[in-house]
Amino acid sequence: MKLYIVITLLLCVSSIDVCRQMLSYDYMYSQYKRIMWQTQFQQCQYSNNYLFGCDSSLNKNLCVKQLGLITGELAICEFKNKCQQVTDNYNSKCSDSLTKAGCLAITNPQQMCQWINSACSLISDLTTVQTNFGAMKLSASVCPRIQGYLMVHYQLLWKLTSYIPDLIGQADLQVNIEAGIANATTTQYASQTTLANNFLNKDGTFNWYDTSSLDIGQSSGSQIGDTTREGCIAVEIISLAQYKLVFSSISDVLGVNHIFCKYMATNTFNQQPAIFINNQCTILTSLNLLQDQNFIDNNLVTCTSMESTQCSKFRHPTIKCQPALLTQQFTCVTSTKTTFATTCPLGVPQLTYKDCQGTTDLCYLDTTTATCTNQCSTYTTQAQCVTDPTCSWKGNYRNSDIQEGYNSYFITCTPLAGCAQLGVSKLYCQKMVDFCVWVNNQCQYISDINILKCADITNVFACSTVSLQNQYCLWYNNACINVKDQQVYSYYYNFPKNSLMNRNLCVSQTQYIFQYNYSQKICDQVPSANIKCMLDGKDVDAQCSNPQAQNINKYLCLSLLPSYTQWDQNSQVCNNISKATITSKGCDQLFLVNQNVCQIATPAAGQICLYNQDTQNCYSAPNTNLVCSTPGLTKTVCLGITTPGQYCQWIFGKCTALTRNSIIQNKCSASDVCQCQCVFRLCCC
């Protein structure tokens, strides 16, 4: 009994396999050419039902005759040992194992297929397709090759517009034709073939659909525009509702031509960054890829791949493109232009970034209109700048505080993309408040300002921000120079008062007292050194916290006599040095300090602590032959000087020589003068 069951199962399996493959045997009768396996009867059965879809029980002849399902779903099938759905249209090839819908669904750019004589055939010559596509049943891979119309493959179009074909009627008609009781029908089309739109005019211009136009109401009735036929459809837009449906895709689209792609890129209701490459409409992750040479070369991007606005943004070292008139089929074409205007061509349409970038004016590309403009640079206040959505206020960029309207050197209102804005001219790149650099005839962002030297900089703001040691930057003759490397350094004080520089240069000045003005990037001369280094009342080793003592030069730092200060040569800042540090180090270990520090420092045994104004260091020396002007004297030492001819007074924290007139005038009434000295017949004690 068990053996019988096993044998029966094997026979059943063998029978369904044989049923699928029966056509491979010569002795098959003609009435069995279209057969299927009937599970309930456990036998092969003839069938002329073409609405089974990709049912696995069908043999090859019945499989490839399938139209679809009664629901209207197309039968995109192939017979490979069994009838099955095609899973990869892009890698499929023209084959007699495909159904009609499976053949026409092929998107493989190397396979141009046509359904003819009830079989899927490879097209050997594409020359007739351009003029005869309306009468041909073509695969989706052919549609991108047709120009002059808005081409969409019927399977994609039906999906976008939710059209459901009458497959039941088609199947009944096919059965009746095979039975000889009906003839194949031919659709009657209107005698005129001109579409409502989306076609080439006689003058070579293209008739684009305008979303502001009134709905037409009905199609032209032409064969090439029949949306119910199979193959490549020349779509005419008859209503805004249809327009929105046709261009509703948000992903890559196959089976369309470049016209479809241009509509996607300019559709104000569902705009996508789409370009036509690799025979399909590709959605870019970013339009910045149009400046990526590797992407452009790898995908064979050409001028005709793009629409006009994209064309303005395209950048490649050898492929030169320019926008064409919007009335053309291709709105981006190869450029033959070699010279560009020197002034910003404001308002001129269909320009590329090169037209703006090559000027000597303040100029950049408005990517929304593909025109050159200088709009942002015309705003001198923050209130004006922030009201324009295409501009960005940079007056407080990187903790700076560039004053409103201070635009003789700086442009504080910049395009949104800053240095990366397409078409930025050299002058705009130079004056923009941003970290820009002009390289290879284009404006770019500086990757790391902290490692650059003055000579690497081409932007005024960046020049005034260089912080690398030994880089003393000055903007001079439209260039950023390191004055330590130039002969002009010795003539620094002959430069205009408002010369722009970095902080290093200002705080390194050894004459006069200066403070760096971060707002205007200039060096201000301070009227008085009578300020203190403040630390919120704390006596610690730290940078001065009060604004008056910040960003000051070394000369001013070491002139802050009410304080105990030390200059940090590495950081180029003024620090407070605590009394504890002063006494712990000793006189001869205190460098780059003011003379107040020496007054409380501990000298070597048997000596006093004095101050060397040349080296700005403390040093120990014998208490002999002192004069009133000796730097670093304490009050006690000052008033104890007995050197002949030296008449000293302690005033404003330092030792000062008395003149004859002051002694006679004061008649010994002055305080803190040297003790018991008889001068000009006056004895003062």
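Residues numbered from 1 in each chain as written. Predicted model: local features only at pLDDT ≥ 70, side-chain atom pairs only at ≥ 80, totals over all residues. Heavy atoms only, no water.

Undergrad: Requested: an account of the packing of aromatic side chains, with residues and values cited.
TA: Using the criterion set out here, one finds 15 aromatic pairs in the structure. An aromatic cluster of at least three residues, connected via ring pairs, comprises F206, W208, Y209, Y243, F247, F260, Y263 and F269. Residue placement shows K65 over the ring face of Y50; its charged tip is 5.7 Å from the ring centre. (Phe/Tyr/Trp six-rings, centres within 6.5 Å; stacked < 30°, edge-to-face > 60°. Lys NZ or Arg CZ within 6 Å of the ring centre and 35° of its normal.)

Undergrad: Go over the state of the cysteines, please, and point to the residues and values.
TA: In total, this model carries 23 disulfides according to the counting rule given. Here C63 pairs with C83 through a disulfide, and the sulfurs are 2.1 Å apart. Torsion about the S-S bond of the C63 and C83 cystine: about 75°, corresponding to right-handed handedness. Residue C63 is located in helix α2 (residues 60-64), and its partner C83 is located in strand β4 (residues 83-85); the two are separated by 20 residues in the primary sequence. Take C63 and C83: they sit in the same class, and that class is buried. Covalent S-S linkage joins C557 and C574, the inter-sulfur distance amounting to 2.1 Å. On the sign convention where negative means left-handed, the S-S torsion of about 80° between C557 and C574 marks this disulfide as right-handed. Placement of the pair is C557 in helix α16 (residues 554-557) and C574 in strand β25 (residues 573-576), with a sequence separation of 17 residues. Of the two residues, C557 and C574, both sit in the buried class. (Disulfide = S-S within 2.5 Å. Helix = DSSP H or I, 4+ residues; strand = E, 2+ residues; numbered from the N terminus. Buried < 20%, exposed > 50% of the residue type's maximum accessible area, 1.4 Å probe, protein only.)

Undergrad: Just give me the short version of the pairing of strand β5 (residues 113-116), but keep the residues and values in it.
TA: The side chains of a regular strand alternate between both faces of the sheet. The pairing of β5 with strand β6 (residues 119-122) spans four bridges and is classified as antiparallel. Each residue of the ladder has a partner; that of C113, found in β6, is L122. (Pairing = 2+ DSSP bridges.)

Undergrad: Quick one: what's the story with helix α6 (residues 167-179), residue by residue and with numbers?
TA: Since the α-helix turns once every 3.6 residues, residues separated by three or four places project in the same direction. An ideal rise of 1.5 Å per residue puts 18 Å on 13 residues; α6 measures up with 18 Å between its terminal C-alpha atoms. A positive phi of about 80° marks G180, the residue just after α6. (Expected span 1.5 Å × (residues − 1).)

Undergrad: Break down helix α8 (residues 258-266) for me, with residues and values.
TA: The element α8 is largely enclosed, with a buried count of eight among its nine residues. Buried within α8 are the following residues: H258, I259, F260, C261, K262, Y263, M264 and A265. Elements that come into contact with the buried residues of α8 comprise β7 (151-153), α5 (154-161), α7 (240-246), β9 (274-277), β10 (280-283) and α10 (308-313). (Contact = heavy atoms within 4.5 Å.)

Undergrad: Quick one: what's the story with the nonpolar core, residue by residue and with numbers?
TA: The biggest cluster of nonpolar side chains holds 38 residues, and the ones touching the most others in it are L150, V152, F247, F260 and M264. Counting only elements with at least two residues in this core, the list comes to α3 (100-104), β5, α5, α7, α8, β9 and β10. Discounting chain neighbours no more than four positions away, the residues touching M264 are F247, S249, S251, V253, N270, Q271, Q272, A274, C281 and I283. Ranked by size, the runner-up nonpolar core spans 26 residues in total, among them V526, C544, C557 and L592. (Core = buried A, V, L, I, M, F, W, Y, C linked by side-chain atoms within 4.5 Å.)

Undergrad: Describe in detail the pattern of salt bridges, supporting the description with residues and values.
TA: Inspection of the entire model under this criterion finds seven salt bridges. In this structure, E230 and K100 form a salt bridge, with 3.1 Å as the shortest nitrogen-oxygen distance. Within this pair, whereas E230 is found in the loop between α6 and β8 (232-234), its partner K100 is found in helix α3, the two being separated by 130 residues in sequence. Note on accessibility: E230 and K100 belong to one class, buried. D355 is the salt-bridge partner of K337, the closest N and O atoms lying 2.6 Å from each other. With K337 in the loop between β12 (332-334) and α11 (353-357) and D355 in helix α11, this residue pair connects regions lying 18 residues apart in the sequence. We classify K337 as partly exposed; its relative accessible area is 36%. Via salt bridges that share partners, K100, K137 and E230 belong to a single interconnected network. (Salt bridge = Lys/Arg side-chain N within 4 Å of Asp/Glu carboxyl O.)

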